[in-house]
Amino acid sequence: MGRPLKIINVVGARPNLPKIAPLMREMRRHPEIEPILVHTGQHYDERLSDVFFRQMGIPAPDVNLEVGSGSHAAQTAEVLKRVEPVLIEYKPDIVIVVGDVNSTIAVSLAAVKLGIRVAHVEAGLRSFDRTMPEEINRILTDAIADLLFVTEEDAITHLLTEGRPRSAIHLVGNVMIDSVRHFLPIAQKSSIGAELGLVDSQSWRRFAVLTLHRPSNVDSVEKLTELMSTIEAVANELPVIFPVHPRTKQRLAESGAIPSPRLRLIDPLGYLDFLCLLSKATLALTDSGGIQEETTALGVPCLTLRENTERPITISQGTNLLVGTDPAQIISAVRDILAGNSKAGRIPPLWDGKAAERIVEILLRPVPSEKAW
Ligand code: UD1
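Presented here is a report on the structure given in the accompanying data block. Please read all numbers here as calculations on a predicted model, not as lab measurements. (Residues numbered from 1 in each chain as written. Predicted model: local features only at pLDDT ≥ 70, side-chain atom pairs only at ≥ 80, totals over all residues. Heavy atoms only, no water.)

### Notes on the environment of Asn 341
Positionally, Asn 341 belongs in the loop between helix 15 (327-338) and helix 16 (355-363). A relative accessible area of 53% means that Asn 341 is categorised as exposed. The spacing of Asn 341 and Val 150 is 191 residues in sequence and 32 Å in space, taken between C-alpha atoms. (Helix = DSSP H or I, 4+ residues; strand = E, 2+ residues; numbered from the N terminus. Buried < 20%, exposed > 50% of the residue type's maximum accessible area, 1.4 Å probe, protein only.)

### Some details on the pattern of salt bridges
This model, assessed by the stated rule, comprises 23 salt bridges. A salt bridge links Asp 142 to Arg 126; its shortest N-O distance comes to 2.9 Å. Highlighted residues: Asp 142 in helix 5 (residues 133-144) and Arg 126 in the loop between strand 5 (117-121) and helix 5, separated in sequence by 16 residues. Given a relative accessible area of 0%, Asp 142 falls into the buried group. (Salt bridge = Lys/Arg side-chain N within 4 Å of Asp/Glu carboxyl O.)

### Considering the packing of helix 12 (residues 271-280) against helix 13 (residues 289-298)
In contact at an axis separation of 10 Å, helix 12 and helix 13 are set at 55° when each is read in the N-to-C sense. The pairing of helix 12 with helix 13 is recorded here as oblique in orientation. For the pair helix 12 and helix 13, the sense of crossing is right-handed. Side by side, helix 12 and helix 13 meet where Tyr 271, Phe 274, Leu 275, Leu 278 and Ser 279 of the first sit next to Ile 291, Glu 294, Thr 295 and Leu 298 of the second. Residue classes in the contact of helix 12 with helix 13 are distributed as six nonpolar, two polar and one charged. (Axes fitted to C-alpha atoms, helices over the stretch in contact; angles between N-to-C directions. Parallel < 35°, antiparallel > 145°, perpendicular 65-115°, else oblique. Left-handed = near helix turned anticlockwise from the far one by under 90°. Contact = heavy atoms within 4.5 Å. Nonpolar A, V, L, I, M, F, W, Y, C, P; charged D, E, K, R; others polar.)

### What to know about the nonpolar core
Where a protein is soluble and globular, its nonpolar side chains tend to be buried together. Within the largest apolar cluster, 56 residues are counted, with the highest numbers of intra-cluster contacts made by Leu 23, Ile 96, Phe 149, Leu 277 and Leu 363. For this core, the element with the most residues is helix 12, which contributes seven residues. Residues contacting Ile 96, with those up to four places away along its chain left out, are Ile 7, Ile 8, Asn 9, Val 10, Leu 23, Met 27, Ala 119, Val 121 and Leu 363. Grouped together as the second largest cluster of nonpolar side chains are 29 residues, Ala 106, Ala 111, Val 112 and Ile 169 included. (Core = buried A, V, L, I, M, F, W, Y, C linked by side-chain atoms within 4.5 Å.)

### Some details on the site of the ligand
Every one of the 19 residues lining the ligand counts as a neighbour, but Gln 42, His 43, Glu 134, Arg 247 and Gln 250 are closest to it. Between the ligand and Gln 42, the relevant distance is 2.8 Å, taken from an oxygen atom to a side-chain nitrogen or oxygen of the residue. Glu 134 is positioned such that a nitrogen or oxygen atom in its side chain is 2.6 Å from an oxygen atom of the ligand. At the level of secondary structure, the elements contributing two or more residues to the shell around the ligand comprise helix 3 (72-90) and helix 11 (246-255). Broken down by element, the shell around the ligand gets its largest block of residues, three residues, from helix 11. (Near = heavy atom within 4 Å. Polar contact = N/O pair within 3.5 Å; in protein donor to acceptor, adjacent residues only side chain to side chain.)

### Description of the side chain of Asn 102
Mapping Asn 102 onto the fold places it in helix 4 (residues 102-113). Among the polar contacts listed, one links the side chain of Asn 102 to the side chain of His 72, at a separation of 3.1 Å. Not counting the four nearest positions on each side in its chain, Asn 102 is found in contact with Gln 42, His 72, Gln 75, Thr 76 and Asn 137.

### A closer look at the pairing of strand 4 (residues 94-98)
Along strand 4, five of the five residues are buried, which leaves the element largely enclosed by surrounding structure. With burial as the criterion, each face of strand 4 is covered, one bearing Ile 94, Ile 96 and Val 98 and the other bearing Val 95 and Val 97. Where strand 1 (residues 5-11) and strand 4 come together, three bridges link them in parallel fashion. Along strand 4, the bridge assignment pairs Ile 7 with Ile 94. Here strand 4 pairs with strand 5 via five bridges, running parallel. The residue of strand 5 that forms the bridge with Ile 94 is Arg 117. (Pairing = 2+ DSSP bridges.)

### Points about helix 1 (residues 17-28)
For helix 1, spanning 12 residues, the distance from its first C-alpha to its last is 16 Å, which sits close to the expected 16 Å at 1.5 Å a residue. Most of helix 1 sits inside the fold, with 10 of its 12 residues counted as buried. Along helix 1, the residues classified as buried are Leu 17, Pro 18, Lys 19, Ile 20, Ala 21, Pro 22, Leu 23, Met 24, Glu 26 and Met 27. (Expected span 1.5 Å × (residues − 1).)

### Describing unusual backbone geometry
Phi is positive for Lys 91, close to 45°, though the residue is something other than glycine. Of note, Lys 91 is situated in the loop between helix 3 and strand 4. The phi torsion at Gln 202 lies on the positive side, around 75°, for a residue other than glycine. Along the polypeptide, Gln 202 turns up in the loop between strand 8 (199-200) and strand 9 (203-204).

### Details of the sheet that holds strand 13 (residues 283-286)
Sheet architecture is open: six strands sit in the order 12-11-10-13-14-15, paired in parallel fashion. Two strands bound the open sheet, and with one partner strand each, they are strand 12 (263-266) and strand 15 (320-322). The mean inter-strand angle of the sheet, taken between neighbouring strand axes irrespective of direction, is 20°. As judged from the three bridges shared by strand 14 (residues 302-304) and strand 15, these two strands associate in the parallel manner. Bridged to Leu 303 within strand 15 is Leu 321.

Here is the structure:
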């Protein structure tokens, strides 16, 4: 056996962690791979980062760049600057980036300029909304990555339209769903339901889970205030549990709004508690990308509080409904679900818990030519 394939796996923000966990687990089963983990430090709080490492058994990062928060330019630039010497020191054969956060594009750019191959996991998703910072990160990362792992068929079309070669694109399924499947039995043992008073003599009451953190929803005081008053109307129908993201917490404090006690505002939850709640929820209200996919995998109705989604398969096949931010539309969709008229979904092809296995199998294939897979 020659020397192992050296792979740097990159995480930056919370949603990257359930995507990297199954990849690291799978790579560690292969002695012919040497996995290295780099954390950019884009998210650094115990509740947004450390708890995920512990609960998902992700090994401690080999390197933490500790970039922290900042403007988009500052944060991206800081990752670029700090990751370059790490890439030069470790000389990986491949760098794996996931998702669409600032760390994703920054590390990809540093790597390709050093002639290191980049693989993008969750490539090709497009909302076609260029005001979303993540859309810019997605387009740019896909333009320079060598290997593109996609979760759904539409992504292939987008990448081909943007001129990426078919040979670089692989439909492998969804690593985030690998984590849902792997951790759900453990998550079911969480005591979060009892702690929040959602469990009566062993059976769960009806409740909704809400998450909100997109700049387009929370950065304008008017928008956030309107959304919060709509959510209060939803809370008249059923209890709403709202784990508040730090960005949203700051904006709520700045807006001076005092949310009604019917809304249960709580700190961000760890992965297992959140997965437990989501799996038992009557419905989810969210502007997150990952939660649209997780609810589809769990068969839980999801109302997405956005005008668009980069994950259309959750609508065409899953339980997701785009409701935007119009109060009447949101409340009527909630009432429909409570009346038993929720959308029946099915699990998209290859969302079977084996995406990481497929990715690792492809990574281990001999490289056909100098740079193209
Ligand atoms: C980032 C990602 C977004 C992802 C989200 C998940 C980008 C462009 N955005 O957005 O795609 O959906 O993570 O959470 O990469 N903060 C803390 N503790 C932390 C990190 C941040 O309190 O550990 C606070 C800081 O005040 C910071 C604010 O949260 O200014 C926002 O964090 P930031 O990383 O800029 O973006 P997110 O909104 O978290």
